[in-house]
Structure formats: C-alpha cells, structure tokens
Amino acid sequence: MSIWERLGKIDRRIIFLIIGIVVLIPIIFGLKMSVQISPAVQSAYNAINDLKPGSAVMISIDYDAASMPELQPMLIAILRHCFDKNLKVILIDFWPLGLPIGTQGLEQVAKEYKKKYGIDYVNLGYRPGDIAVMLRMGLEIRNVFYGDISGTPLDSLPMMDNIHNYDDIAVVVGLEAGSMGDYWVQYVNARFKQKLILGVTAVMAANAYPYVQSGQIEGLIGGLKGAAEYERLVHHPGFAHVGMASQSWAHVAIVIFIILGNIGFFVERRKGKRL
Amino acid sequence: MMVLLLLSMSFEAMDTPNDGGQSITIIGRDIPTDVKKILVFRRTEKDTVYKQVGFFSLLSMKYTDNDSIKDGEKYFYRLGVVFPESTFYYNITKPAVSTAQWFNRTRAAVLMYLILFSALVLLFIQLAKRNPEGLFIRKIPALDAIDEAIGRSTELGKPTFFVHGLMGITDAGTLAAITLLRRVAKKIAEYDTPLLVTNFDPIVMTASQETVKQAYTEAGRPDAYNEKNIIYLTYEQFGYTAGVDGLMAREKPGAIFLQGYFFAESLILAETGHAVGAIQIAGTTATVQLPFFVAACDYVLIGEELLAASSYIGREPVMLGSVKGSDWGKAVLIFIIGAYVTLGTIAGILMSTGRHTLMHIFEKLVSVF
Amino acid sequence: MKKKTIPLAITFLTGVIIVVTFFIPHPPFGRLQEDALVWYSVIFGFTMLLGVDSLVRFHATKLRRREKGSWFSTIFFLGLLLSFVTGLISELRFGDAFKVQSSFMYFYNYVLIPLQSTMFALLAFFIASASYRAFRARNLEATLLLITAVIVMLGRVPAGYMLWHKLPPITSWILNVLQLGPMRGIMIGIALGTVAMSLRLILGIERTYLS
C-alpha cells in the first residue's frame, strides 16, 4: 500500500490523538480568538439592549453539565448584559440537573455586580411538568412557583410585586440543550405572544434558524461561537473566546483529515480502474 | 400639555376573548412614556368603593384580571395613572362582563385543516379496503434491510441490539419504534437470535416488554422470551449512552437498531456501533441528528419513514391507506403554501408599481391564519 | 376481545377530548389539557420506581450469578447508594441538597459534572472520525455534501474568517437560506406524520403498542 493509499485508511486512534492535541494546546496556553458578530446573535443582543431599566427578563435553564461548556458562557454573558442594563432577572429551570449550574452562574455574576437577591434577581428553581408549567405561568406565575428556590413566598420578594405572568416579562431567554426550545415557541410565543430569545447548542442551531426567519424568536445564540459573539458584544471575553481557538484548530484539523481521506480515496479508485 | 396627553390616552375593559371565562382584559392606548405605573381598581355593581386588584403592564399595554371574577357579573374599573409629579384617575365608564367562549376563533384555520386532513386519511382508508392492491408506497430501503440485518447477526452468532431513543411513550417516534420492535422481535424469535432492548424511559420499558413477549408468542416461541433482556438503564442522557456503549463493546452485536428520538448522543452510539462492526439501522424524527446517523449508519429512516414503518411492514390496506391519506394532506398543504407564496409575490410586485388592491386581498387571506 | 377493547376505548375518549379542548376554551374543556399534562407528570414520577426496580433486579441477578462483568453491577449499587445517602444527609443537614457546601453538591460537582462532560466531549473525537470516513466524493451528491460541510465547518469558526473574509457570510447564507427550506419541509412532514399516527392511534387502527 502506497503512502497515498494509506491516507484513506488512517487509524481512528491517530485522528483522536490529533484532535485531542489541537483542542488542548489553545486551552493550556490560553490562546484566544476574536469572532465576527452574526445577525442572529446581534438581534438577540438588541432585544435585551433595547429594554428599559427595571424590565424583567426570565432565563430558563434547560441544560445540564453535558452542555455546560456551550451554554454556561451564554448564561454568564447574558446575565452580565442584564445586570449592566439594570434589568430584573428571574431564573427558572426545567432540567433538575441543570439547576445547580444555573444557580452557580447567577450567584457568581450577581456578586460581581453587587446585585441584591429579591430586589434585582430571583431564583425560582425547578418545576417538573414542562408544557403545563409554561402554560400556567401565562395566567399567574404563583400558580406554579408558589415560592422561590428556598421556599420564600413570591409575594414577600419586592421584585416580584408587579410580575404575575408573561404580560409583565419583557423577554424570555431559553438556554436549550433539548427540545424545550420548541415548546417555548409552540406554546409560549404562539399563545401568549411572548418575546423569546433562544440560546442553543451548535447542533440544534440549524433547527432553530426557521424560528428566527419567521420572527417567532427575537434572536438566536448558537453554540460556543454564539456565546463568544455575545461575550464580545458585552465587552467581556471569557471562556467562549478561549474555546474558539480550540474549536477553530479542531475544525481545520478535521477539514485536513477530510482532504487527506479524499486524496487516498481517489488514488485507490484510480488504481482500481487501472487494474 | 398634560391635559392633551391625558385626553389622548384611552382604556377599554372587555371580556378576555377566546378563553374559558372568569377573566377581563383592560387594554390601554397612547399611554405617555413618562408614566411610572398604573394602578388598577375594580368594583362590582353592588359595591360603592373601588378596590385595588393589580398593576397595569406598561410592557404589554394591558391588564388581565382573573382575580375572583364571576361570569355574567358587571365590573367597573378605574385606573390610577401615576406620573412623576402627580396621579390622575381614569374611570372606564362602560362595565365589562366576563363570559366563557365555546370556540377559540384564532384556531379556526387549524380546525379546518384538521378536518380536511382527517377526511383525506379516512377516505383513503376506505379506498384501500375496497382496492388493497391499488395502493403504491415507494420502497424504503431501511425497512427492507431489517431481515438482512437480523440474518447477518444470526449467521455471526451475535446478539441483536434494539436501542430506544430518549423520549417517552407520548412521542410519536417512540411509538413507531415500539411497532418496529415487534417486527424485529418476531423475526429474532424465528431465528432464535439473542435480543437485547435498552430503554431510557421506564414506561417505554414496560411497553417494550409486553411488545416483545407478544412477538415471541406470535412466532411460536413464548419459552424463548426473557424479560431480563429488556432493560431500563437510566434516565440520564449520557449515563444511558455510556451504558449502551458499554454493552455494545462487551456483547459485540451483529446488528443494531437505533430507533426513536435522539439528541447529542446519537453520534456516540452510532460510532461505537460502527466500531464493533455491527450493521446499523437508525430511525429518528430528530432532524438535527439525521446527518450523524446518515454518516455513521448503514440505513436511516428519515422522519416520516419511521412513522410510516408500521404501515409499510404490516402492509395492511387500512394502514397503507392512512399513509396515502397523510401524503395527500401534505400535497394540499403544499398547494396552499405555493398559492400564497405566488399571490404574495405578485402582490408585492404590483405594490411596487403603485397597485395595492391585490396586496389588500392577500393580507386579508393571510389574516385567516 | 375485552382485553383490547377497554384500552382502545380509553385511548379514543382521551384522544378526542384532548383534541376538542384545543378548540373549546369553555369549562370543563379549557383546562383539561393542562390538567392531563400534570396527571402525566404524577404518573411518570411513580414509573421511575418501576425503572429503579428493574435496574436493581437486573444488577442483583448479575451479581448473584457472578456473571462476566458483574463488577460493573457493584459500581452501580455503589453509585445508587452514594447519591441516595448523600442527598438524604444533605437535605436533612442543610434543608436543601443543592447547597454548595453539602456532600451531595460535592458529589455533583466532582463526579457527575466531569462524567457528563467527558461523555459529551467524546463527540468531538467521534465527529472527526465519522467525518473522515463519511465525507468522500463518491458521486455528485456526496461531493456537494463534502463541499458544503467544509464551507460550514470553516465558516463557523474565526479561522474561516482569517482564511477568507467572505466565508462567514456564505456560511450564514447556507444556514439561513439553503438549508432552511428543506429543514422546514422535514419539520412539517414530521408534524403531519405525527398527526396521521395520532389519528391512527385514536381511531384504534394502530394497536401494536397494546401488544
């Protein structure tokens, strides 16, 4: 077998090793890469940026540790944006294993901006029921979330005084690793005309673009790149920017492997024809 | 200036439309931007004093009152409009009465299409009963390959895996997968090949157990059925993936069926299956996972092909008729979309030349939906 | 006959009622859909017990028979016990198992999160090997797939912009225009297929789930 033919039969372990190296090096050396802002992310940013101070933003944590690398940077960037604009933040959760991650992110950023619990932000915690919860919040949030994550009645939290249902919420931000994003659009946007922004994993972004184009969502933040774009818009480059370097190198490596594979394929096919 | 602002502002209280009653909506128009908040007060016909019931939303420009509202009773509203320097009270003179509606008019178009679609399905079911041979369904290679996959597994003396997706029994894809499992289990019972069914959801597990048991009984091999081969792994996505991968690596199946709704784990499962050398038939309604299955599996059922699997395999006229009916329903929808797009495009072109009539007609037609 | 008649009747009645409630807001129909979803959540909670029972029995049998790989079953019991005990202790001690200083959160942060992240990270490796294997220019369609994949892969990362500044706009066009139509078509098809399947289930034409 010639070296050209071997290019079409590279052992997958070598591929794994190369990918591992190209992903690790930028992280170890802290290399960062800047990103260009895409229209979908710019729309998402504008939807929050155009809100008046004091408006309420509901953020739904619909992911867990597996999707944390892509979606947690989005959460942090959005929270920074909200607290910069003095918006009120309400955190809810539909994935029980995502609640601690969302809570950690919220507390971390709130501490940075010296925001007060109950006045500037509240954490309502997790409720099972997905669609039923979404529909019931359309009438009255207290129908589902009687108290916050610690059990404190919502009526005793100053921030929740005038917040009863979607009419009082300026925008809902869904950070999605599963199918909850579709439910937000199908039930909450369709029935209550609630403005939505979706932050999704890169794989799911293709599924969500129709919603942007039809105007069912205000904006879309897709994958680690979307998170990096949002970090750039809020002028606070973080983990997503470091991840961009790794992702860039990995994508280039995969393209090189694809090219090598095709070279090997064509050489083998030509050899087969000659025979 | 203030008087002008107050005069331009208006509020209207009405029964909340298309609802189940016990709700009144107040809508505001031309509310000045410097209003700090608007308090909502309410009294009934018998009351003499207004009582505060809530705050008007300056975001959505409306207030929905469903606090102890009784249908049929008249309610009078007063709004306290709070400016930075002063507060003005606005009385809505006309009382509002809440009633429950029997039909949600915003869903009229959905109902019309549902009736049309159901009629087509039922029509083709009747046609199929009268002329079973007359129905053509195109070949679906992935379903034709089921026997080949199980046969290969039997020849190699290896087990067959059936991996359910991550949704529950309410998902159409999961139900279709259970239908497919019955067919696979029946064939496996005939060939006497080991079968292992992994489940993400406990309810799906119980349904799978019953399905496989029935399939073995139909094949005349009830003794070969082993309930312990239909297992629930975990309700955690990557725990399930790790469990299935581990089973694949240890048992080295000859054929793997990945059927249902999958998320990010689809490629991990498919690549592991490829690595152990199994023939893989995947089927999912998760559009974003299809590329991964196409890249890593031998055969893929794309979206509706999975949902039509039971009809295709069983070849019962009634089932085939329903597939044809839904295809015609789709054709009608394509026609409606095409007609609207063409009309809208022509209306847009004419509008640019100053002719607006067709655009008005088009907008009226669009408002039907 | 009776064994299937009653479940079919229940399926028909509940199916029709839920469809009707979508169009009729008047009580008692209007709230039925939400109530049904709540009932489903409650039933689902109980079925989790079924799942745990199935798992425990499966692994206990493996351990008792000392089958090959039964030490994995030991790890299963260890994990089950550990998460249950730490969760209980944390809940009793702190009032909330998810308090940062609790042992349950320690288990969550230093065992569960790394394990979940590791599994998800496998995707990066598998996608590389799958791409290398699958993207071969065997025919015209495969070549188009290959070219599109390369453009999108490079256009979605900063390296693509560095290579050619027009790559991100082309990628954006592919995602927002080229793939949007087919994606919508597949979604509509799946939705209609689901309606057709639901109709078959409600009318009792499709009965395989009943066994």
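Residues numbered from 1 in each chain as written. Chains lettered and ligands numbered in written order. Predicted model: local features only at pLDDT ≥ 70, side-chain atom pairs only at ≥ 80, totals over all residues.

**Student:** How do you make sense of the overall build of chain A when you look at a structure like this?
**Tutor:** Each helix and strand in chain A was counted, giving ten helices and six strands. C-alpha extents for chain A along the principal axes are approximately 80 × 40 × 30 Å. Each of the 275 residues in chain A was classed as buried or not, and the buried ones make up 53%. Within chain A, residue pairs in contact and separated by at least 24 positions form 74% of the contacts whose partners lie at least 6 positions apart. (Helix = DSSP H or I, 4+ residues; strand = E, 2+ residues; numbered from the N terminus. Buried ≥ 20, exposed ≤ 12 C-beta atoms within 10 Å, placed from the backbone. Contact = placed C-beta atoms within 7 Å.)

**Student:** Honestly, the interface of chain B and chain C in this entry has me stumped. Any pointers?
**Tutor:** A common way to express how large an interface is: the accessible area buried when the components associate. Between chain B and chain C, the residue contacts involve 56 residues of the former and 46 residues of the latter. Top contributing element to the side of chain B that touches chain C by residue count: helix α6 (residues 202-218) of chain B, with nine residues. Looking at the side of chain B that touches chain C residue by residue, the class counts come to 28 nonpolar, 18 polar and ten charged. (Nonpolar A, V, L, I, M, F, W, Y, C, P; charged D, E, K, R; others polar.)

**Student:** Quick question: what am I supposed to make of the sheet that holds strand β2 (residues 24-29) of chain B here?
**Tutor:** What holds strands together in a sheet is hydrogen bonding between their backbones, with the strands either parallel or antiparallel. All names here are of chain B. Strand order in the open sheet formed by three strands is β1-β2-β5, with antiparallel pairing between adjacent strands. Every interior strand has two partners, whereas the edge strands, β1 (10-15) and β5 (62-65), have only one. Along the sheet, successive strands turn relative to each other by an average axial angle of 15°, direction set aside. Both β2 and β5 contribute to a ladder of four bridges, which runs antiparallel. (Pairing = 2+ DSSP bridges. Axes fitted to C-alpha atoms, helices over the stretch in contact; angles between N-to-C directions.)

**Student:** What exactly am I supposed to notice about helix α4 (residues 103-134) of chain C here?
**Tutor:** In an α-helix, one turn spans 3.6 residues, which is why side chains three or four residues apart end up on the same side. A rise of 1.5 Å per residue sets the reference length of α4 of chain C, with its 32 residues, at 46 Å; its end C-alpha atoms lie 45 Å apart and thus fit the reference within 8%. A maximum bend of about 30° is found in α4 of chain C at Leu 112 of chain C, where proline Pro 114 of chain C lies one to four positions downstream. (Expected span 1.5 Å × (residues − 1). Bend = angle between axes of the 7 residues up to and from the residue.)

**Student:** Can you walk me through the confidence of the model for chain B in this structure?
**Tutor:** Caution is warranted with low-pLDDT regions, since their predicted coordinates should not be read in detail. Across chain B, the average pLDDT comes to 90, with 98% of residues at 70 or higher. Of the two predicted TM-score estimates for the complex, the pTM is 0.85 and the ipTM is 0.83. (pLDDT = per-residue confidence, 0-100.)

**Student:** I'm lost on the nonpolar core in this one. Help?
**Tutor:** Most often, soluble globular proteins have nonpolar side chains that are buried together. Within the largest apolar cluster, 205 residues are counted, with the highest numbers of intra-cluster contacts made by Val 57, Ile 59 and Leu 220 of chain A. Take this core: its biggest share by element is 13 residues, from α4 of chain C. Leave out the neighbours within four places in its chain, and Leu 220 of chain A touches Ala 40, Ala 44, Leu 198, Val 200, Ala 205, Ala 208, Tyr 209 and Val 212 of chain A. In terms of nonpolar packing, the next biggest core, distinct from the first, is built from 15 residues, Phe 11, Tyr 63, Tyr 77 and Ala 96 of chain B among them. (Core = buried A, V, L, I, M, F, W, Y, C linked by C-beta atoms within 7 Å.)

**Student:** Looking at this model, I keep getting lost on the domain arrangement of chain B. Mind explaining?
**Tutor:** Considered domain by domain, chain B is made up of domain 1 (2-97) and domain 2 (138-307). The gap between the C-alpha centroids of domain 1 of chain B and domain 2 of chain B is 58 Å. (Domains from an automatic or database assignment.)

**Student:** Help me out: how do you make sense of the packing of helix α4 (residues 146-156) of chain B against helix α5 (residues 172-191) of chain B in this one?
**Tutor:** Residue and element names in this part refer to chain B. α5 packs onto α4 with a crossing angle of 35° between their chain directions and a minimal axis gap of 10 Å. Handedness of the α4/α5 crossing: right-handed. Contacts between α4 and α5 pair Ile 146, Asp 147, Ile 150 and Thr 154 from the former with Arg 183, Val 184, Lys 187, Ile 188 and Tyr 191 from the latter. (Left-handed = near helix turned anticlockwise from the far one by under 90°.)

**Student:** Quick question: what am I supposed to make of the domain arrangement of chain A here?
**Tutor:** Split by domain assignment, chain A resolves into domain 1 (3-30 + 246-274) and domain 2 (39-236). Just the C-alpha atoms count here: the centres of domain 1 of chain A and domain 2 of chain A sit 39 Å apart.

**Student:** Quick question: what am I supposed to make of helix α3 (residues 39-49) of chain A here?
**Tutor:** Residues of α3 of chain A that are buried: Ala 40, Val 41, Ala 44, Tyr 45 and Ile 48 of chain A. Relative to the axis of α3 of chain A, the buried residues are bounded by an arc of 140° and lie together on one face. (Arc of directions from axis to C-beta.)

**Student:** How do you make sense of the interface of chain A and chain B when you look at a structure like this?
**Tutor:** Residue-level contacts link twelve residues of chain A with 13 residues of chain B. The class makeup of the residues in the side of chain A that touches chain B is six nonpolar, four polar and two charged.

**Student:** In this structure, what is going on with the pairing of strand β1 (residues 56-62) of chain A? I would like to understand it.
**Tutor:** Successive residues of a regular strand alternate their side chains across the two faces of the sheet. All names here are of chain A. Across the seven residues that make up β1, a large majority, seven, are buried. Sheet topology places β1 next to strand β2 (residues 88-93); six bridges connect them, and they run parallel. Residue pairing in the sheet places Met 58 in a bridge with Ile 90 of β2. Direction of pairing for β1 relative to strand β4 (residues 171-176): parallel, over a ladder of six bridges. Note on β4: the bridge partner recorded for Met 58 is Val 172.

**Student:** Looking at this model, I keep getting lost on unusual backbone geometry. Mind explaining?
**Tutor:** Note on backbone geometry: most residues besides glycine have negative phi, and most peptide bonds are trans. Here the bond from Pro 27 of chain C into Pro 28 of chain C is cis, since omega is 0°, no more than 30 degrees from zero. Here Pro 28 of chain C is to be found in the loop between α1 (2-23) and α2 (32-64). Look at Met 61 of chain B: it is not a glycine, yet its phi comes out positive at around 60°. By the element assignment, Met 61 of chain B lies in the loop between β4 (51-55) and β5. Located in the positive-phi region is Asp 192 of chain B, a residue other than glycine, with phi close to 60°.

**Student:** Honestly, the environment of Asn 49 of chain A in this entry has me stumped. Any pointers?
**Tutor:** Residue and element names in this part refer to chain A. With respect to the helices and strands, Asn 49 occurs in helix α3. Judged by the 13 C-beta atoms lying within 10 Å of it, Asn 49 falls in the partly exposed class. Each C-alpha atom of the pair Asn 49 and Val 234 lies 10.0 Å from the other, and the pair is 185 residues apart in sequence.

**Student:** Looking at this structure, how should I read the environment of Glu 112 of chain A?
**Tutor:** Mapped onto the elements of the fold, Glu 112 of chain A is located in helix α5 (residues 99-112). For Glu 112 of chain A and Phe 83 of chain A, which are 29 residues apart along the polypeptide, the C-alpha to C-alpha distance reads 9.6 Å.

**Student:** Help me understand the sheet that holds β2 of chain A in this model?
**Tutor:** Residues and elements named next belong to chain A. The sheet built from six strands is open, its strands ordered β3-β2-β1-β4-β5-β6 with parallel pairing. Edge strands, defined here as strands with exactly one partner in the open sheet, are β3 (121-126) and β6 (219-222). Each adjacent strand pair in this sheet contributes to an overall mean axis angle of 15°, direction not counted. Summarising the sheet, β4 and strand β5 (residues 196-200) pair through five bridges and their orientation is parallel. Note on β5: the bridge partner recorded for Leu 175 is Gly 199. Sheet contacts for helix α8 (residues 202-214): β4, β5 and β6; angle to β6, the most-contacted strand, approximately 170°.

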